[in-house]
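Here are the chains, one letter per residue:
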Amino acid sequence: MGKRLIPQRRGRGTSLYRSPSHRHVDDVRLPALSEGTAVIKDLIQAPGRTCPLAVLDLNGRTDYQLAVEGTKVGQTIKIGGTEIVAGNITQLSKIPEGTLVHNVEARPGDGGKFVKTAGSSGTVVSRGDKVVVLMPSGALKEFSPDCRAAIGVIAGGGRGDKPLAKAGKNVHTLRSRSTAAFKTKGVAMNPVDHPHGGGSHAHVGGPNCQKRTASPGQKVGFLPPKKKVKK
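Residues numbered from 1 in each chain as written. Predicted model: local features only at pLDDT ≥ 70, side-chain atom pairs only at ≥ 80, totals over all residues. Heavy atoms only, no water.

### Here's the deal with a nonpolar patch on the surface
For step 1, the next point in the chain: There is a patch of nonpolar side chains on the surface, built from V125, L134 and L140 and spanning about 260 Å² of accessible area.
For step 2, the next point in the chain: Topologically, L134 is positioned in strand β8 (residues 131–134).
For step 3, the next point in the chain: Assessed through its relative accessible area of 33%, L134 is described here as partly exposed. (Patch = residues over 30% accessible without salt bridge, like charges linked within 9 Å, V, L, I, M, F, W, Y side chains within 5 Å. Areas by Shrake-Rupley, 256 points an atom, 1.4 Å probe, with all protein chains shown as cover. Salt bridge = Lys/Arg side-chain N within 4 Å of Asp/Glu carboxyl O. Helix = DSSP H or I, 4+ residues; strand = E, 2+ residues; numbered from the N terminus. Buried < 20%, exposed > 50% of the residue type's maximum accessible area, 1.4 Å probe, protein only.)

This is the structure:
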């Protein structure tokens, strides 16, 4: 029998492929408050994240939010309301068209699911029964007007300007995100390691399109497109 594929090993969730949650600072969810204020006490680096975090004093307790470009220590963050200032959190129905937002909720009250990487932001395009947001990918996505979002662009957008320079540094950087630094092609492996392995040179050696009902050990290469259903 052959060996398990790397995606199969990742699926088992062993410590090698699991993100080290004990290093993560916080889950970073939007505060469960309809109205309120908070003060930024500090800006910290968070392992496993591409952006820094802002430490907030929220009614006497510590809360963590994604740091926003232009914010600073001592700044007051408002939750709810209609004031459009970088770092504030409010409903999409109260944010004017053309405003840059991030950490957008998928459903009202879920704490934020979209646009959470460093340097990214979405743009409010239109408001009505649904609020349309231009996502960083270029797609237009509809949200409930009651969904909340934070104003501004997430800090840390220049993280890619400085090269890592060494392979070892890249390995340690990606390890905190449970991401492999290097990936070996299947055609470069031995037959025992991958269905595409073996041969006198790097070639697949057969069809590289598998059926969707194939077993996990065979499901490598390309999958056929889904059948188009006439509506």
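Still more ground to cover, so stick around.
### Things to note about the nonpolar core
For step 1, the next point in the chain: One finds L92, I95, V101, V104, V133, F143 and A149 to be the most contacted residues of the largest nonpolar core, which totals 13 residues.
For step 2, the next point in the chain: Contributing elements (two or more residues each) for this core: β8 and β10 (148–151). (Core = buried A, V, L, I, M, F, W, Y, C linked by side-chain atoms within 4.5 Å.)

### Re the pairing of strand β3 (residues 61–66)
For step 1, the next point in the chain: Two strands pair when backbone bridges link them, and strand β2 (residues 53–58) and β3 are joined in this way by six bridges, in the antiparallel orientation. Looking across to β3, one finds that L56 is bridged to D63.
For step 2, the next point in the chain: Between the antiparallel neighbours β2 and β3 lie two residues, among them N59 with a positive phi of about 55°. (Pairing = 2+ DSSP bridges.)

### Examining the pattern of salt bridges
For step 1, the next point in the chain: Applying the stated rule across the entire model yields four salt bridges.
For step 2, the next point in the chain: A salt bridge links D193 to K3, with the shortest nitrogen-to-oxygen separation between them at 3.9 Å. Separated by 190 residues along the polypeptide, D193 in the segment after α2 (167–175) and K3 in the segment before α1 (6–12) bring together distant segments of the chain.
For step 3, the next point in the chain: In this structure D193 comes out as partly exposed when scored by relative accessible area, which is 21%.
For step 4, the next point in the chain: With a closest N to O distance of 3.5 Å, R127 and E97 form a salt bridge. Taken together, the residues R127 in the loop between β7 (122–126) and β8 and E97 in the loop between β5 (89–91) and β6 (100–102) connect sequence positions 30 residues apart.

### Quick notes on the packing of aromatic side chains
For step 1, the next point in the chain: Counted under the stated rule, the structure contains one aromatic pair.
For step 2, the next point in the chain: Above the face of the F143 ring, K141 is positioned so that its terminal group lies 6.0 Å from the ring centre. (Phe/Tyr/Trp six-rings, centres within 6.5 Å; stacked < 30°, edge-to-face > 60°. Lys NZ or Arg CZ within 6 Å of the ring centre and 35° of its normal.)

### As for empty space enclosed by the protein
For step 1, the next point in the chain: For the coordinates displayed, the defined rule picks out one cavity of 30 Å³ or more.
For step 2, the next point in the chain: Considering only enclosed or pocket space, the largest cavity measures out at about 120 Å³ in volume.
For step 3, the next point in the chain: Lining the largest cavity are 14 residues; nearest its centre among them are Q65, L66, V68, I77 and G87.
For step 4, the next point in the chain: Of all the elements in the fold, those that place two or more residues in the lining of the largest cavity are β2 and β3. (1 Å grid on protein atoms, 1.4 Å probe; cavity = no way out; pocket = protein on both sides within 12 Å on 5 of 7 lines; lining within 4 Å. Points joined across faces, edges and corners; volume = space filled by probe spheres on them.)

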